[in-house]
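Take a look at the letters that make up each chain.
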Number of protein chains: 2
Amino acid sequence: MTNEELFSAVAIAAWKRVVVSVEKQVSSFSDDEVLMEVAPGRNRVYYIVGRLAAIHDRLLPMLGIGDRLHPELDDLFIEHPDRTFADRLSPTQVNRTLVEVNTAVTRGVEVMAPLDWLKKHAAVSEEDFIKDPTRNRIAVLESRTAHAMYHAGQIRLLKKS
Amino acid sequence: MTNEELFSAVAIAAWKRVVVSVEKQVSSFSDDEVLMEVAPGRNRVYYIVGRLAAIHDRLLPMLGIGDRLHPELDDLFIEHPDRTFADRLSPTQVNRTLVEVNTAVTRGVEVMAPLDWLKKHAAVSEEDFIKDPTRNRIAVLESRTAHAMYHAGQIRLLKKS
């Protein structure tokens with residue numbers, strides 16, 4: 001393996017670990033549990049799952065691996081806080097959407113050429129990228145992996161230990 | 001910057017972001033808040049902070065950047081669950097220990113040569129490393145960054161929003 005392959009393989013493995021872990025955790029919940037808050041007065045699992053789906057869906061164009069599958073999620077899970085609207089998706093639908101989006105991202109990152117990880121991501125300008133070449137695709141993947149871990153820690157609090 | 005420098009700079013920046021964020025969050029808490037559970041029946045912030053200090057302390061030998069500063073933390077925060085013992089450290093002491101350990105780790109990772117990140121970490125055998133060269137130092141740093149994010153998400157639940 002080249003050095004670039006090693007660095008990117010480590011980041012891809014971390015991404016896969018967290019999305020599989022979140023999907024597994026969420027699929028172990030009943031619908032009622034998905035609708036519970038992770039702590040009193042905090043977001044419901046439902047909202048966190050929808051939010052992860054929306055954020056991960058944005059990765060597709062950001063990493064140059066495809067068009068968005070579910071741009072409609074932004075209104076529900078990014079632009080407005082939990083419980084702004086009556087739920088438009090069932091718990092099962094929101095869980096399935098996360099799996100669908102994660103699967104598309106994972107497929108795309110697995111076939112990315114190692115050197116392409118150092119290219120700019122789609123949400124940074126050429127100008128800004130020249131100033132700061134760490135605003136690259138691998139930084140985006142690692143940031144989303146970290147973000148998913150952040151919410152995985154919250155979802156975990158609902159598990160019967 | 002070389003490719004190896006770019007890849008390692010991204011991972012180091014992510015590490016720094018999460019440790020600074022956790023330290024800032026924790027330092028905003030009163031002693032009473034540090035002693036609160038992140039959710040009913042779950043670990044206290046106190047225990048999570050001690051655990052992060054212990055796990056990060058282990059990074060020093062694991063990454064080959066120094067000896068452990070606080071091996072005594074393992075007994076309190078890794079080998080036994082929260083509230084096994086009466087607290088032997090005050091909330092202030094446990095917070096300070098985390099900052100001390102994080103500072104030592106950050107200093108060490110900042111001066112690591114980019115190619116050294118692909119060397120084996122100290123907790124894997126030569127034999128296993130040959131079989132799987134992704135069991136390297138950058139994988140350990142990224143895994144600890146992800147772990148810290150996991151707990152950052154939990155600690156965040158206590159913040160008055």
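Structure: above.
Bear in mind the structure is a predicted one, so any value in this text is a computation, not a measurement.

1. Some words on the packing of helix H3 (residues 45–62) of chain B against helix H5 (residues 91–110) of chain B
Residues and elements named next belong to chain B. In contact at an axis separation of 9 Å, H3 and H5 are set at 25° when each is read in the N-to-C sense. Between H3 and H5, the interaxial angle falls into the category roughly parallel. You can see that H3 and H5 cross each other, and the crossing is left-handed. Between H3 and H5, the residues in contact are Tyr46, Val49, Gly50, Leu52, Ala53, His56, Asp57, Leu59 and Leu60 and Pro91, Val94, Asn95, Thr97, Leu98, Val101, Asn102, Ala104 and Val105, respectively.

2. What to know about the nonpolar core
Counting residues in hydrophobic clusters, the biggest one holds 99 residues, and the most contacted among them are A:Val22, A:Val45, A:Val109, A:Trp117, B:Val22, B:Val109 and B:Trp117. When near neighbours in sequence (up to four residues on either side) are disregarded, A:Val22 contacts A:Leu52, A:Leu98, A:Ala148, A:Ala152 and A:Ile155.

3. Description of the packing of aromatic side chains
Residues and elements named next belong to chain A. Per the stated rule, a full pass over the model turns up 5 aromatic pairs over all chains. Here the aromatic residues Tyr46, Tyr47 and Phe77 are joined through ring pairs into a cluster of three or more. Here Arg88 stacks its cationic end above the ring of Phe85, 4.3 Å away from the centre of that ring.

4. Notes on the interface of chain A and chain B
Contacts between the two partners involve 36 residues from chain A and, on the opposite side, 36 residues from chain B. In total, about 3,000 Å² of surface goes out of reach between chain A and chain B, with carbon and sulfur atoms giving 71% of it. Three residues, A:Phe7, A:Arg42 and A:Leu157, lead the burial of chain A against chain B; their summed loss comes to 25% of the area buried on that side. The interface formed by chain A and chain B holds 0 salt bridges in total. Counting across the interface, chain A meets chain B through 6 residue pairs in polar contact (both at pLDDT 80 or more). Among the secondary structure elements, those contributing two or more residues to the side of chain A that touches chain B are helix H1 (3–27) and helix H7 (137–155) of chain A. It is H7(A) that provides the largest number of residues to the side of chain A that touches chain B, a total of 10 residues. Each residue belonging to the side of chain A that touches chain B can be placed in one class, and the counts come to 22 nonpolar, 8 polar and 6 charged.

5. Let's talk about the relation of the copies chain A and chain B
Once chain A is rotated about the relating axis by 180° and shifted along it by 0.0 Å, it coincides with chain B to within an RMSD of 0.0 Å. These values place the two chain copies in the arrangement generated by a two-fold rotation axis. No C-alpha of chain A approaches the rotation axis more nearly than that of A:Tyr150, which lies at 2.1 Å. Interface overlap between copies is the fraction of interface residues in one copy that are interface residues in the other; for chain A against chain B it reaches 100%, indicating a shared surface.

What counts as what
Per chain, residue numbering runs from 1 following the sequence as it is written. In the order they appear in the text, chains get letters beginning with A and ligands get numbers beginning with 1. Since the coordinates come from a predicted model, pLDDT governs what is reported: local features require at least 70, and pairs of side-chain atoms require 80 or more to be given and counted, while whole-chain, interface and lining totals use all residues. As a rule here, side-chain values cover all heavy atoms of the structure and leave hydrogens and water aside. For helices, the fitted line uses only the C-alpha atoms of the stretch in contact; every axis is such a line through C-alpha atoms, and the angle between N-to-C directions lies from 0 to 180 degrees. For helices the rule is a DSSP run of H or I covering at least 4 residues; for strands it is a run of E covering at least 2, with both sets numbered from the N terminus onward. In this scheme, roughly parallel covers angles under 35 degrees and roughly antiparallel covers those over 145, while 65 to 115 is roughly perpendicular and the rest are oblique. Should the near helix be turned anticlockwise from the far one by less than a right angle, the crossing is termed left-handed; should it be turned clockwise, right-handed. It only takes one pair of heavy atoms within 4.5 Å for two residues to be counted as in contact. As used in this record, nonpolar core signifies buried Ala, Val, Leu, Ile, Met, Phe, Trp, Tyr and Cys residues forming a set joined through side-chain atoms within 4.5 Å. Only protein chains enter the calculation, and the probe is 1.4 Å; a residue is then buried if its accessible area is under 20% of its type maximum, exposed if over 50%, and partly exposed in between. Any Phe, Tyr or Trp ring, taking Trp's six-membered ring, that has another such ring centre within 6.5 Å forms a pair; planes under 30 degrees apart are called stacked, those over 60 apart edge-to-face, and the others tilted. Definition used: whenever NZ (Lys) or CZ (Arg) falls within 6 Å of the ring centre and also within 35 degrees of the ring normal, the charge is taken to sit over that ring. Here the quantity called buried area is the total loss of accessible area, with a 1.4 Å probe, experienced by two parts when brought into contact, counted for both. By definition, a salt bridge exists where a carboxyl oxygen of Asp or Glu is found within 4 Å of a side-chain nitrogen of Lys or Arg. Polar contact is the term for a pair of N or O atoms within 3.5 Å; when the atoms are in protein, one must be able to donate a hydrogen and the other to accept it, and sequence-neighboring residues count only if both atoms are side-chain atoms. Classification used: nonpolar for Ala, Val, Leu, Ile, Met, Phe, Trp, Tyr, Cys and Pro, charged for Asp, Glu, Lys and Arg, polar for all others including Gly. Copy-to-copy superposition: least squares on the C-alpha atoms, limited to residues that have pLDDT of at least 70 in both copies.

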